[in-house]
Amino acid sequence: MKPEKLTGHAAMFGANAMWGIMSPVAKMVMAAGVISPMVMTDFRILGAAILFWTISFFRKREPVSWKDLGLFFLASQTAIVFNQGSFIFGVSMTSPIDASIITTSLPILTLIIAAFYLKEPVTGKKIAGIIFGATGAILLVMSGQQLANGNASNIRGDLLCLTAQLCFSIYLVFFRGLINRYSPITIMKWMFTGSTLSVLPFTYDKILAIDWPIVEWRTIAGIAFVVIGGTFISYLLVSIGQKRLRPTLVSMYNYIQPIAAAIVAILWGMDSFTLLKVIAVVFIFSGVFLVTQSKNLATIEKEIERVKTGEK
């Protein structure tokens, strides 16, 4: 495997592992009752914007055209604002099990959009890989369904969670050209700036209303991890992976999230290790492997050209 591809795989694995760990950490933070889901979203967006701008001051300035600034704003709405907002409100209305299962739709939605917009071929290996990965993710989620705490399903909540996956699929496919033109720091700096401008004017009063003296250190540490690990580092890694891998393959790493969440839950005594979880993990990694082995449009076009020219 080429070093560039290997870097892309490592970046996507790291990003989704961080997101998986972030789920139980964020749940722990919000369980304290001081930080609401909306305020947590504000911390993620504003905190990441500050961090990306800070690190950009230590790098060579990369000029961005006005047209691309507009595209970055649109990208920020799909990948961050609507994605995070829809999912948070969806989770608050439906059961955690439903929300987790619906996240497995990301690779399917990405495959469909990429097939129409990028003309990416829908190969048998891609379909098999997505089925394997989705099966593993669903098995993993269902093995921990006792953690749902009796929260009932809700069709509106389910649709909001599905909307979140659709928004991120649109970002992965439609903005790939924009992502390839700039460095990861520049990409994320402007995307989180656009997100901050969209969200903060409507929610800053909730941040100012927090009574910080009563906030425990565990809660503050959890917020720090969500902002730095689950947002700043994760989105930086996503932009690195997106530049090196096809959208369908990028989305397949979404299946790593329930594995990371399950590991943390087991270590914290919130879940137990079972044979079903082992089978689920095997399904997930088999699915990712199958998609990595599938041919993309560029490969197929090269093979056709070789046939036409008589090359072997």
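Computed from a prediction, not measured in an experiment: that's the story for all the values here.

*Asks:* Account for the environment of Leu 197, naming residues and giving values.
*Replies:* Relative to the helices and strands, Leu 197 is located in helix 9 (residues 184-208). Overall, Leu 197 belongs to the exposed group, its relative accessible area being 60%. Placed 151 residues apart in sequence, Leu 197 and Leu 46 show a C-alpha to C-alpha distance of 9.3 Å.

*Asks:* I'd love a proper account of the packing of aromatic side chains, names of residues and values included.
*Replies:* On inspection of all chains with the given rule, the structure shows 12 aromatic pairs. Between Phe 43 and Trp 212 the ring centres are 5.8 Å apart and the planes differ by 45 degrees, which places this aromatic pair in the tilted class. Linking Phe 43 in helix 2 (residues 37-56) with Trp 212 in the loop between helix 9 and helix 10 (217-244), this pair joins segments that are 169 residues apart in sequence. A residue is classified by how much of its surface remains accessible, and Phe 43, at 13% relative accessible area, is buried. Using a relative accessible area of 38% as the deciding quantity, one classes Trp 212 as partly exposed. Centroid distance Trp 53 to Phe 57: 6.2 Å. Interplanar angle 50 degrees. Geometry classified as tilted. Relative accessible area serves as the criterion here: at 27%, Trp 53 is assigned to the partly exposed category. In this arrangement the basic side chain of Lys 189 is found over the ring face of Trp 53, its NZ or CZ atom lying 4.5 Å from the centre.

*Asks:* How would you sum up empty space enclosed by the protein? Please name residues and give values.
*Replies:* Applying the stated rule across the entire model yields 1 cavity of 30 Å³ or more. Empty space within the largest cavity amounts to approximately 30 Å³. In this structure, the largest cavity is lined by Asp 42, Ile 45, Leu 46, Thr 196, Val 199 and Leu 200. The residue makeup of the lining of the largest cavity, split by class, is 4 nonpolar, 1 polar and 1 charged.

Thresholds, definitions, all that
- Residues numbered from 1 in each chain as written.
- Predicted model: local features only at pLDDT ≥ 70, side-chain atom pairs only at ≥ 80, totals over all residues.
- Heavy atoms only, no water.
- Helix = DSSP H or I, 4+ residues; strand = E, 2+ residues; numbered from the N terminus.
- Buried < 20%, exposed > 50% of the residue type's maximum accessible area, 1.4 Å probe, protein only.
- Phe/Tyr/Trp six-rings, centres within 6.5 Å; stacked < 30°, edge-to-face > 60°.
- Lys NZ or Arg CZ within 6 Å of the ring centre and 35° of its normal.
- 1 Å grid on protein atoms, 1.4 Å probe; cavity = no way out; pocket = protein on both sides within 12 Å on 5 of 7 lines; lining within 4 Å.
- Points joined across faces, edges and corners; volume = space filled by probe spheres on them.
- Nonpolar A, V, L, I, M, F, W, Y, C, P; charged D, E, K, R; others polar.

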